[in-house]
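Remarks on the overall topology
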Amino acid sequence: MANTLGTVATAAISQETLKALLEELSWLTSLSTTYSDSQVSKGQNLILRVPSVGTAQDFSSGTGYVAEDATLTDATITLDQHKFAGYAVTDAERDSSLINLVDAWANANAHALGKSVVEYIIAALVSAGTSNTSVIAAGSFGLDDLIDVGSAMDADNIPTGGRWALIPPAYHAALEKDIGTTGNFGNSTFSVDATITNGALGQLRGFQIYKSSLTTNLYFGVKETVGVLTAVPALPEVGNTGGDISYVVEPNSGLTVQSRSHYDNTLAQLNNILTLYFGASVLRSDTLHEVTPS
């Protein structure tokens, strides 16, 4: 009977990688994203439909209710990024502990892929730039500064729904300390349990707070500020690749990666690659606010 441990290990690691990858990419849940399972070519342009800002109109008995011509804006995003994370494991390693193997490689693969995606999006934010900037030192950053940013976005008529903040660890820590102090003033209506227990800030002043060590600046935006698309490479045209190519889908989000695996009989080693295409673009720089260190 054939040994199927290699197949089991590959499938298990791939599934766990997707779960861990979504945690690495939690910020993307606040952006305009489309996870496609379609096979595409690298460099292909795909369309992301983004709601445009509408205006209320006066009712006229002569014209009645007339909708605006366009309520969605087509944004073109190029899938020019091709990233992968891989591993190679011998029979002895697989046989020793499948569970430890799954956890170790899933987390490593997810971190590698997630880091590459977030780095690219941050580079797009830097490139796009914004006139809405301020300078604040990490040591003095607190809830009052978050309120000021929110107030500035209010003044710019940026929607309040779906606001997010991506901040580096030092600023996140300063905000944690400020929130922790606020919660210790006997305010029974303000809970800091998640902050104290897990270092999680959650939602503050209408912002969903995300921490990232990949940025030195602080970025604030809304869902339509940034668009992100992912897809999978097309299958090779040759019929016999000497391995197995499959797609792994995270059922809740639809995030899909391609798994390419082959077994080296000489080395008694299973080799696996998890890969995807993606592209990202700043869609509305007018909704982007940036804070730089002093």
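The numbers attached to residues start from 1 for each chain and follow its sequence in the written order. Totals for whole chains, interfaces and linings use every residue, but because this is a predicted model, local features are given only for residues with pLDDT of at least 70 and side-chain atom pairs only at 80 or more, for both listing and counting. The basis for every side-chain value is the complete set of non-hydrogen atoms in the structure, without hydrogens or water.

1. Observations regarding the overall build of the protein chain
Working definition: helices are DSSP H or I runs of at least four residues, strands are E runs of at least two. Numbering for both runs from the N terminus. Counting secondary structure elements, the protein chain contains six helices and 14 strands. Burial classes follow relative accessibility: with a 1.4 Å probe on protein chains only, a residue under 20% of its type's maximum area counts as buried, one over 50% as exposed, and anything between as partly exposed. Of all 294 residues assigned to the protein chain, the portion counted as buried reaches 41%. Note on contacts: a residue pair is in contact if any heavy atoms of the two residues lie within 4.5 Å. Long-range contacts, defined here as pairs at least 24 residues apart, represent 81% of the contacts in the protein chain between residues at least 6 apart. For the area figures, the Shrake-Rupley method with a 1.4 Å probe applies, and any residue is considered shielded solely by the protein chains shown. When the accessible surface of the protein chain is summed, it comes to about 15100 Å², and 51% of that surface belongs to carbon and sulfur atoms.

2. Considering the confidence of the model for the protein chain
When the pLDDT values of the protein chain are averaged, the result is 82; 79% of them are 70 or greater. The least confident element of the protein chain is helix α6 (residues 193-198), whose mean pLDDT is 55; the most confident is strand β9 (residues 218-221), at 97. Residue-level confidence of the predictor, termed pLDDT, takes values from 0 up to 100. The low-confidence segment residues 1-5 (pLDDT under 50) makes three contacts with residues lying over four places distant or belonging to another chain. Every residue in residues 184-190 is under pLDDT 50, and counting partners more than four places away or in other chains gives four contacts.

3. Brief notes about the packing of aromatic side chains
Any pair of Phe, Tyr and Trp rings, taking the six-membered ring for Trp, is counted once the centres come within 6.5 Å. Such a pair is stacked with planes under 30 degrees apart, edge-to-face with planes over 60 apart, and tilted for the rest. Inspection of every chain in the model, using the stated rule, returns five aromatic pairs. A ring pair is formed by Phe207 and Phe220, whose centres lie 5.4 Å apart and whose planes are at 70°; its orientation type is edge-to-face. In this pair, Phe207 sits in strand β8 (residues 207-211) while Phe220 sits in strand β9, placing the two residues 13 residues apart along the sequence. Using a relative accessible area of 0% as the deciding quantity, one classes Phe220 as buried.

4. Describing the nonpolar core
If you look at the biggest cluster of nonpolar residues, it comprises 32 residues, and the most contacted ones within it are Trp27, Leu28, Leu31, Ile121 and Trp164. Counting only elements with at least two residues in this core, the list comes to α1 (5-24), α3 (98-128), β6 (163-167), β10 (226-233) and β13 (269-282). For this core, the leading source of residues is α3, giving eight residues. Apart from residues no more than four positions distant in its own chain, Trp27 is found in contact with Val118, Ile121, Ile122, Leu125, Trp164, Leu166 and Tyr210. Counting 20 residues, the second largest nonpolar core, distinct from the first, contains Ile136, Ile167, Ile179 and Phe220. Buried Ala, Val, Leu, Ile, Met, Phe, Trp, Tyr and Cys residues form a nonpolar core when they are joined through side-chain atoms within 4.5 Å.

5. Concerning the side chain of Ser259
Its place among the elements puts Ser259 in strand β12 (residues 256-264). At a separation of 3.0 Å, a polar atom in the side chain of Ser259 contacts the side chain of Asn272. Setting aside anything within four residues of it in sequence, one finds Ser259 in contact with Thr10, Ser14, Asp244, Ile245, Ser246, Val248, Asn272, Ile273 and Leu274. Residues adjacent in sequence count toward polar contacts only when both atoms are side-chain atoms; beyond that, a polar contact is any pair of N or O atoms within 3.5 Å, and within protein one must be able to donate a hydrogen and the other to accept it.

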